[in-house]
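# Examining the three-dimensional arrangement
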Amino acid sequence: MYRFGIIVVLSLISTVSFSQKFFSWPIYENAGVGLNKNCSDTIYLRDNRPILKYSKYNCSVQEIANSIAISLQNNGVSKFCVVPFSGNKSKKYVLELGFFYSYLNFNIWDSRVDWQLILQSESTIKKFDLISKVSSERNNWGHKSGQKALVNSFEAAMSQLVQQLLSP
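Structural notes, computed from the coordinates. None of these values were measured; they are calculated from a predicted model.

### Details of the nonpolar core
If you look at soluble globular proteins, the nonpolar side chains tend to sit buried side by side. Of all hydrophobic cores here, the largest spans 34 residues; its most connected members are I68, L72, F100, W115 and L161. Counting residues per element, the ones that place at least two in this core are β2 (41-47), α2 (61-74), β3 (80-84), β4 (93-105), β5 (108-120) and α3 (143-166). Filtering out sequence-adjacent residues up to four positions away, W115 remains in contact with I68, L95, E96, L97, G98, L130, I131, F154, A157, M158 and L161.

Rendered as structure tokens:
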């Protein structure tokens, strides 16, 4: 009985020690920069992601911007370029990125994508509702489960972003 208890305690300790590790992947790893051509308007991606203590494989803002540009094209919205935000100048479309990660939590990958679209005109700023999508996958295939969960969260958030972009 003691052996069983020791095995359970050791397995819980190992599970907890491997939990809460944050990972980020680009959705489209081979995202080309040539996507930002022939567009009439630009979305500026502002990175407001917190620095996560155990983050690994973090993807850059450029990789996320490329993934958003590819997804917009795949959804039939080709008039927008997506570039990282730079400078303090007022931009018409700003997409504030809050969270973009997956983390392992007791053998389940939880993935979260949060962003908010801000439409700035000359006199007013219109903030759309915060887009927050969470997806979970069991850790049957290691990191592939985390990537799959992040792709699911990303695609759900992208469909809502496309609706917001087409509404104004």
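The structure having been displayed, the exposition proceeds.
### Details of the pairing of β4
For β4, a buried count of 11 out of 13 residues is recorded, marking the element as mostly surrounded by other parts of the structure. Note: strand β1 (residues 21-23) against β4, three bridges, orientation antiparallel. Each residue of the ladder has a partner; that of K21, found in β4, is L104. The sheet contact formed by β2 and β4 spans five bridges and is parallel. From the neighbouring strand, Y44 faces β4, where its bridge partner is V94. Taken together, β4 and the strand that follows it, β5, pair antiparallel across an intervening segment of two residues, in which F106 is found at a positive phi of about 50 degrees.

Each value, and the rule that gives it
Residues numbered from 1 in each chain as written. Predicted model: local features only at pLDDT ≥ 70, side-chain atom pairs only at ≥ 80, totals over all residues. Heavy atoms only, no water. Core = buried A, V, L, I, M, F, W, Y, C linked by side-chain atoms within 4.5 Å. Buried < 20%, exposed > 50% of the residue type's maximum accessible area, 1.4 Å probe, protein only. Helix = DSSP H or I, 4+ residues; strand = E, 2+ residues; numbered from the N terminus. Contact = heavy atoms within 4.5 Å. Pairing = 2+ DSSP bridges.

Treat this as a map of the structure, not an account of what it does.
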